[in-house]
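Spelled out from the first residue to the last, the chains are:
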Amino acid sequence: EEWDHVESEAEILLRLPGYIDNSGDRWTIDYTGYIDQVLRHKQTGVYRLIDHKTTKFMSSAQIRAFELGQQFQGYIAAFKEVFREQTFDMLIDLLVINRKEGSFNLTQQIILHDTFLQREWRKDIYATAENIILNARKDYWPKHTPGPCCAFNKDCDYLDICTSNQASIKTVRTNSFTDPIE
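Note that the structure is a prediction, hence the values are computed from the model and not measured. (Residues numbered from 1 in each chain as written. Predicted model: local features only at pLDDT ≥ 70, side-chain atom pairs only at ≥ 80, totals over all residues. Heavy atoms only, no water.)

**As for the packing of helix α2 (residues 70-82) against helix α3 (residues 115-138)**
The relative placement of two packed helices comes down to the angle between their axes together with the axis-to-axis distance.
Logical step 1: It is the contact of α2 with α3, at a shortest axis distance of 10 Å, that shows an interaxial angle of 110°. In terms of axis orientation, α2 runs roughly perpendicular to α3. Between α2, through Q70, Q73, G74, I76, A77, K80 and E81, and α3, the contact on the second element is made entirely by L117, Q118, W121, R122, D124, I125 and T128. (Axes fitted to C-alpha atoms, helices over the stretch in contact; angles between N-to-C directions. Helix = DSSP H or I, 4+ residues; strand = E, 2+ residues; numbered from the N terminus. Parallel < 35°, antiparallel > 145°, perpendicular 65-115°, else oblique. Contact = heavy atoms within 4.5 Å.)

What follows is the structure, given as structure tokens:
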């Protein structure tokens, strides 16, 4: 074995202080998640973060989505800050399952990370948070997202907000936040 197991289901919390340019209000984004496995190379001491995924099919677009997606760039940012490590890599274990044939194939992909990708990730997180806060203040929630309301037989996390009626909308919106905005 070249790698030592450090931790499974490593919980991360990255606190990103923020503000809204126009109002000057201050707020904090708590970016949380679980890294499936953290390993450390026995000879070099380099860490490896591993996340396990399953899918029915594999495409090059899927790999690009992993590399640019908020989840893994966020894990990378949090690992750098929480563990105070700069030298590591992130690996996706992608298990492709073919139920018709009763077979599977394991593909592994190293996720790229650099200063530019990390800076873009932070900008994206801040822009998303600002939109959520501004929409909450306006009491208006646009019903458009980058993804569909239902994908892979799973409803969007916010479908209950979009489909609630006038009598229940305030309760649904308030309960959808961990820290309601007044």
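**Some thoughts on the pairing of strand β2 (residues 26-41)**
Two faces make up the sheet, and in a regular strand the side chains alternate between them.
Logical step 1: One ladder, built from four bridges, connects β2 with strand β3 (residues 47-55); its direction is antiparallel. The partner of Q37 across the bridge, within β3, is I50.
Logical step 2: Where β2 hands over to β3, the hairpin turn is made up of five residues, of which G45 adopts a positive phi near 80°. (Pairing = 2+ DSSP bridges.)

**Here we look at the confidence of the model for the protein chain**
Note that predicted coordinates carrying low pLDDT should not be read in detail.
Logical step 1: Summarising the model, the protein chain shows a mean pLDDT of 80, and 85% of its residues fall at 70 or more.
Logical step 2: Confidence, expressed as mean pLDDT per element, reaches its minimum in the protein chain at helix α5 (residues 169-175) with 67 and its maximum at β3 with 90.
Logical step 3: Counting interchain partners and residues more than four positions distant, the pLDDT-below-50 stretch residues 178-182 has three contacts. (pLDDT = per-residue confidence, 0-100.)

**A look at the packing of aromatic side chains**
Logical step 1: This model, assessed by the stated rule, comprises six aromatic pairs.
Logical step 2: With a centroid separation of 5.6 Å and 75° between ring planes, the pair formed by F66 and F72 is classed as edge-to-face. Assigned by exposure class, F66 and F72 land together as buried.
Logical step 3: Each member of the aromatic cluster is reached from another via a ring pair, and the members are Y47, F79 and F88. (Phe/Tyr/Trp six-rings, centres within 6.5 Å; stacked < 30°, edge-to-face > 60°. Buried < 20%, exposed > 50% of the residue type's maximum accessible area, 1.4 Å probe, protein only.)

**Some thoughts on the pattern of salt bridges**
Logical step 1: One pass over the full model with this rule turns up six salt bridges.
Logical step 2: Between D51 and K53 there is a salt bridge, and its shortest N-O distance comes to 3.5 Å.
Logical step 3: Given the relative accessible area of 3%, D51 is considered buried.
Logical step 4: Using a relative accessible area of 24% as the deciding quantity, one classes K53 as partly exposed. (Salt bridge = Lys/Arg side-chain N within 4 Å of Asp/Glu carboxyl O.)

**What to know about α2**
Logical step 1: Given a rise of 1.5 Å per residue, 13 residues ought to cover 18 Å, and the 17 Å separating the end C-alpha atoms of α2 matches this to within 8%.
Logical step 2: For α2, the set of buried residues is F72, Q73, G74, Y75, I76, A77, A78, F79 and K80.
Logical step 3: Immediately beyond the C-terminal end of α2, within one or two residues, lies R84, with a positive phi of roughly 55°. (Expected span 1.5 Å × (residues − 1).)

**So, the side chain of Q118**
Logical step 1: Along the polypeptide, Q118 turns up in helix α3.
Logical step 2: Excluding residues that lie within four positions of it along the chain, Q118 makes contacts with Q73, I76, A77 and K80.

**Focus: α3**
Logical step 1: Spanning 24 residues, α3 covers 35 Å between terminal C-alpha atoms, matching the ideal 34 Å at 1.5 Å per step.
Logical step 2: Within the span of α3, buried status applies to L117, Q118, W121, I125, A129, I133, N135 and A136.
Logical step 3: Of the residues one or two after α3, D139 is the one with positive phi, at around 55°.

**Some words on the side chain of H41**
Logical step 1: Within the element layout of this structure, H41 appears in strand β2.
Logical step 2: Within the local environment of H41, its side chain forms a polar contact with the backbone nitrogen of T44, the two atoms lying 3.2 Å apart.
Logical step 3: Not counting residues up to four positions away in its chain, the partners in contact with H41 are E2, W3 and V46. (Polar contact = N/O pair within 3.5 Å; in protein donor to acceptor, adjacent residues only side chain to side chain.)

**A word on the pairing of strand β4 (residues 88-98)**
Logical step 1: With respect to burial, β4 is a largely interior element, eight of its 11 residues being buried.
Logical step 2: When β3 meets β4, the two strands line up parallel, connected through nine bridges. What sits directly across from L49, in β4, is M90.
Logical step 3: For β4 and strand β5 (residues 103-111), the ladder comprises nine bridges, and the chain directions are antiparallel. Considered in β5, the bridge of I92 is made with Q109.
Logical step 4: In sequence, β4 turns back onto β5 through a hairpin of four residues, with G102 there showing a positive phi of about 65°.

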